[in-house]
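Fold and contact review
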Protein chains: 2
Amino acid sequence: MKAEIITIGDEILIGQTVDTNSAWIAQELNLLGIDVVRIVSISDKKDEIFKALNNARKNTDLVLITGGLGPTDDDITKKTLAEYFDTKLVQNKEVLKHVEEFVIKRKAHMNDRNVKQADVPENCSIIKNEIGTAPGMLFNKGDVTYISMPGVPFEMKRMMTQFILPELAKIEKGYYIIHKVILTQGWPESKLAEHLEEWENQIPEEISVAYLPSPGIIKLRLTAKGTNQEHLINLISDQVKKLKILIPRLICGYDNDKLEDIVGMLLNKEKKTLSLAESCTGGNISHLITSIPGSSEYFLGGVVAYSNQIKEAVLFVNNNSIVNYGAVSKQVVEEMAMGVRRLYKSDFSIATSGIAGPGGGTEEKPVGTTWIAVASETMVLSKKYVLGNHRGRNIQMASIIALNMLRKLILGIEL
Amino acid sequence: MKAEIITIGDEILIGQTVDTNSAWIAQELNLLGIDVVRIVSISDKKDEIFKALNNARKNTDLVLITGGLGPTDDDITKKTLAEYFDTKLVQNKEVLKHVEEFVIKRKAHMNDRNVKQADVPENCSIIKNEIGTAPGMLFNKGDVTYISMPGVPFEMKRMMTQFILPELAKIEKGYYIIHKVILTQGWPESKLAEHLEEWENQIPEEISVAYLPSPGIIKLRLTAKGTNQEHLINLISDQVKKLKILIPRLICGYDNDKLEDIVGMLLNKEKKTLSLAESCTGGNISHLITSIPGSSEYFLGGVVAYSNQIKEAVLFVNNNSIVNYGAVSKQVVEEMAMGVRRLYKSDFSIATSGIAGPGGGTEEKPVGTTWIAVASETMVLSKKYVLGNHRGRNIQMASIIALNMLRKLILGIEL
């Protein structure tokens, strides 16, 4: 089955909003073996919507549409779909009841705009929006199925997960697309690609390879396509085994693994705790760790020590170390790691100290210079990295490197 | 001038990567008065690229292409463009020299893949990639200009900012699109829309309005289009004045303002300092604050106090308060705010304590229950919020509400 995703909304075309919905939808469809052939963003204009719908039906079986279903006047998707599918809007009693319940639960009052949310095209099937007021709508025309959903990400996701994906899973059989992603940390893309050239030349034709760079991590994606699921799984698994031999120390995870998740699972398994002393990463490692549900089991907390006084007063860093070596130094970052372990009485700790930029660089320590330390009961290890010029990227890279250093410390792998 | 953006790369169609480039490009083109009519993502396949290029030239003057220029075999954009524009790849000496310098500077060795980056279509103009190895390429065919850029966001952005946008600014004159965004915090979309219905009915026809909801913030976007720039600016400015009277306490910023930026500017102006005591937001407020360059001027740091012991041991929270009222309570969050101010000797502080979910909720305090406090030298103010069920969203919303509470405290606006 082939699908196209259409996103409707001026906010995307003027760059106000980044379209995160399409990536999520594509990922979910892929898991069902549905190929997404195109993602298109268009404005809230009738003729653009018509053009996109006409274009989409040419080479797809399924068109997923998000956006333009809000209660305000700039949202025209619903009435445009009614016109496209040659029908009129009628009030749906069930939807109206749901909207009423929804509004009352939030201690608000029904207004005209809420009532209008219950008007739907007469010939569509309604998909319930359990956590919002705009219903989803399903249309069939020719051999193509069109599904319109709200653009609010968590409403769309709930609708997909609860109703749409299970239905699609029933229909879709026979053709499989299997992805396996290998996360690597440590080498740049071209060095990795050169090292893996021979391996790439021997992989079977059912499999394609892509390199996906992101701050701190290069992902290696293997994709197998075909009709024999078991065969494809075996092909992929053989190649992963080869990669484990070729780049054992670079691999730090698989698929949707995140380092904060991997580290969390390791700590949980060993019933160990973690604390953080962040300077240049400014709370980002803490934010990553606590984005994982259940992280309170192993994460005690941390200190963001942006000023030197706090490094001394709260983290027990020696004033002499700061004076003699500077805040961005092996001495200070190691003392920070030991200090926060002592303060929080945790098993492990991480500390960062660097110059994220754009200001603060010197000839000796240019912007991007970053010291990272990890500590356990028995040891403190630290390493210096020279990252780039971009503040946000430096923070992200330092965070990922730090989490990977902790992973290696816990597993006893050389840094 | 009308533009289309084409993003090439399987990673987007399988949902591995979210396309953030297009939003950025669209925003920049808009500022020059260039309308983006469509954003399309397609796979690394020759026929898809041909189809997209053919389709784009029908109703646009400018086609911006990103992606598919990497050094690995899955990237086919360059050779496909050469074929589409009826030419062949030839080695470009200047590009080769740049690639060599680039590789040597990074203490790496030139390999075959690096050398291949210097092969470019014979009939294109080269756009220098100052911070990467894949050059940009410009083609003219009929009345349409095509520009191909790397997909790596910071390389693409540098190329656009340094070379492409200045060139486009020279060409584009006469038609203007002006956006003004008003950030509101406090009311849901439908309540805001109802309150502003009369206002919406009276706005001049040159202006359109859109409501853009995001966690914690509803953005109200006014767009004026026409040929008289000054007239459009005045029209927009009149409407903003009206909104300031209609929703004075809801407006918390404009355009690309971020609360962390607004708060930072206020603190900077008054030469005041800030510290944070985060429980449920887990370091996210700290991360937001430190994402702003120069934040070390006013941000001393913070404590992420995920465990109750740390709330007591580091933040001086009274054990009795935790026992009697629970960690998620007015008492505890106010003691956290006062405690961190004392520890960091800051002028202001923020504290958060809540149940981010998915676990940890009770009947009395369901998931989403969140206490936020802000403190200054003379007062501590706190407020309870009942947010939603989604962990990531709760963390984001609590962070934004907290920053807005601090903004109001600094400005002396009632919470």
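This is a predicted model, so every value here is computed, not measured.

What counts, and where the lines are drawn
- Residues numbered from 1 in each chain as written.
- Chains lettered and ligands numbered in written order.
- Predicted model: local features only at pLDDT ≥ 70, side-chain atom pairs only at ≥ 80, totals over all residues.
- Contact = placed C-beta atoms within 7 Å.
- Helix = DSSP H or I, 4+ residues; strand = E, 2+ residues; numbered from the N terminus.
- Nonpolar A, V, L, I, M, F, W, Y, C, P; charged D, E, K, R; others polar.
- Pairing = 2+ DSSP bridges.
- Buried ≥ 20, exposed ≤ 12 C-beta atoms within 10 Å, placed from the backbone.
- Domains from an automatic or database assignment.
- Axes fitted to C-alpha atoms, helices over the stretch in contact; angles between N-to-C directions.
- Least-squares fit on C-alpha atoms with pLDDT ≥ 70 in both.
- Right-handed = clockwise from strand over helix to strand, strands pointing away.
- Parallel < 35°, antiparallel > 145°, perpendicular 65-115°, else oblique.
- Left-handed = near helix turned anticlockwise from the far one by under 90°.
- pLDDT = per-residue confidence, 0-100.

Next up on the list: the interface of chain B and chain A. On the chain A side, the residues contacting the 76 residues of chain B number 76 residues. If you tally residues by element for the side of chain B that touches chain A, the top one is strand β14 (residues 299-305) of chain B, at seven residues. Its residues assigned to classes, the side of chain B that touches chain A shows 33 nonpolar, 29 polar and 14 charged. As paired elements, strand β2 (residues 35-42) of chain A and strand β2 (residues 35-42) of chain B share three bridges and run antiparallel to each other. Note on β2(B): the bridge partner recorded for A:I39 is B:S41.

Residues and elements named next belong to chain B. Restricting attention to buried positions, one finds in helix α4 (residues 77-84) the residues T77, K78, T80, L81 and A82. Buried residues along α4 sit against β1 (2-8), α3 (46-57), β4 (89-91), β5 (119-121), β7 (136-141) and β8 (144-149). Just past α4, the residue D86 takes up positive phi, approximately 60 degrees.

The next subject is the domain arrangement of chain A. Residue and element names in this part refer to chain A. Along its sequence, chain A is organised into domain 1 (2-171), domain 2 (176-254) and domain 3 (259-411). Relative placement of domain 2 and domain 3: their C-alpha centres are 31 Å apart. Residue-level contacts link six residues of domain 2 with nine residues of domain 3. Its residues placed into classes, the side of domain 2 that touches domain 3 shows three nonpolar, three polar and no charged.

The subject of this paragraph is the sheet that holds strand β10 (residues 207-214) of chain B. Note: strands within a sheet are paired through backbone hydrogen bonds, in either parallel or antiparallel orientation. Residues and elements named next belong to chain B. What the four strands build is an open sheet, ordered β10-β11-β9-β12; its pairing is antiparallel. In this open sheet, the two strands that pair with only one neighbour each are β10 and β12 (251-254). Averaged over all pairs of adjacent strands, the angle between their axes in this sheet comes to 25 degrees, without regard to strand direction. Judged from the eight bridges that link them, β10 and strand β11 (residues 217-226) form a sheet pairing that is antiparallel. Within β11, the residue paired with Y211 across the bridge is L220. This element, helix α10 (residues 229-246), spans β9 (176-184), β10, β11 and β12 of the sheet and lies at about 15 degrees to β9.

Moving on, we get to the relation of the copies chain B and chain A. At an RMSD of 0.1 Å, chain B and chain A line up after a rotation of 180 degrees and a shift of 0.1 Å along the axis. Taken together, the rotation angle and the small translation identify this as a two-fold axis. Here 100% of the contact residues of chain B are again contact residues in chain A; the copies associate through an equivalent surface.

Another aspect to go through is the pairing of strand β14 (residues 299-305) of chain A. For β14(A), the buried fraction is high: seven of the seven residues fall into the buried class. Of the pairings in the sheet, the one linking strand β13 (residues 274-278) of chain A to β14(A) comprises five bridges and is parallel in character. When the bridges of β14(A) are listed, A:A277 appears paired with A:V303. In this fold, the crossover linking β13(A) to β14(A) by way of helix α12 (residues 284-290) of chain A has right-handed handedness. Relative to β14(B), β14(A) is paired through five bridges, and the arrangement is antiparallel. From the neighbouring strand, A:G301 faces β14(B), where its bridge partner is B:A305.

What follows covers the packing of helix α2 (residues 21-31) of chain A against helix α7 (residues 153-171) of chain A. All names here are of chain A. Following both chains from N to C, one finds α2 and α7 inclined at 15 degrees, their axes separated by 11 Å at the closest point. In terms of their interaxial angle, α2 and α7 are classed as roughly parallel. As α2 packs across α7, the resulting crossing turns out to be right-handed. Every residue of α7 that contacts α2 at N21, W24, I25 and E28 is listed here: P153, M156, K157, M160 and L165. Residue classes in the contact of α2 with α7 are distributed as six nonpolar, one polar and two charged.

Here we take up unusual backbone geometry. Backbone torsion omega between A:G357 and A:P358 reads 0 degrees, so that peptide bond is classified as cis. Positive phi outside glycine occurs at B:F316, with the angle close to 60 degrees. The topology assignment puts B:F316 in the loop between α13 (308-313) and α14 (319-325).

This part is about the environment of A:L13. Within the secondary structure layout, A:L13 lies in helix α1 (residues 10-13). Judged by the 29 C-beta atoms lying within 10 Å of it, A:L13 is buried. Sequence separation between A:L13 and A:S41 is 28 residues; the distance between their C-alpha atoms is 7.1 Å. Apart from residues lying up to four places away in sequence, A:L13 is in contact with A:S41, A:S43, B:A26, B:V36 and B:I39.

Looking now at the confidence of the model for chain A. Summarising the model, chain A shows a mean pLDDT of 92, and 99% of its residues fall at 70 or more. Here the predicted complex scores 0.75 on pTM and 0.74 on ipTM.

Strand order across the open sheet formed by ten strands is β17(A)-β16(A)-β15(A)-β13(A)-β14(A)-β14(B)-β13(B)-β15(B)-β16(B)-β17(B), with mixed pairing between neighbours. The outermost strands of the open sheet, each flanked by one partner alone, are β17 (380-386) of chain A together with β17 (380-386) of chain B. Averaged over all neighbouring strand pairs, the angle between strand axes comes to 10 degrees, with direction disregarded. When β13(A) meets strand β15 (residues 348-354) of chain A, the two strands line up parallel, connected through five bridges. Across the sheet, the residue bridging to A:L274 is A:F348, located in β15(A). Most of the contacts of helix α16 (residues 391-411) of chain A go to strand β16 (residues 369-375) of chain A, to which it runs at about 30 degrees, and overall it touches β15, β16 and β17 of chain A.

Glancing now at the environment of B:S376. Residues and elements named next belong to chain B. Structurally, S376 can be placed in the loop between β16 (369-375) and β17. As for S376 and T72, which are separated by 304 residues in sequence, their C-alpha atoms are 55 Å apart. Not counting the four nearest positions on each side in its chain, S376 is found in contact with D347, F348 and L409.

Once that is clear, we can look at the packing of α3(B) against α4(B). All names here are of chain B. Interaxial distance between α3 and α4 falls to 10 Å at its minimum, and their mutual angle equals 55 degrees. Accordingly, the angle class assigned to the pair α3 and α4 is oblique. Judged by the sense of rotation from one axis to the other, the crossing of α3 with α4 is right-handed. For the pair α3 and α4, the contacting residues are K46, I49, F50 and L53 in the first and T77, T80 and Y84 in the second. Considering only residue class, the contact of α3 with α4 consists of four nonpolar, two polar and one charged.

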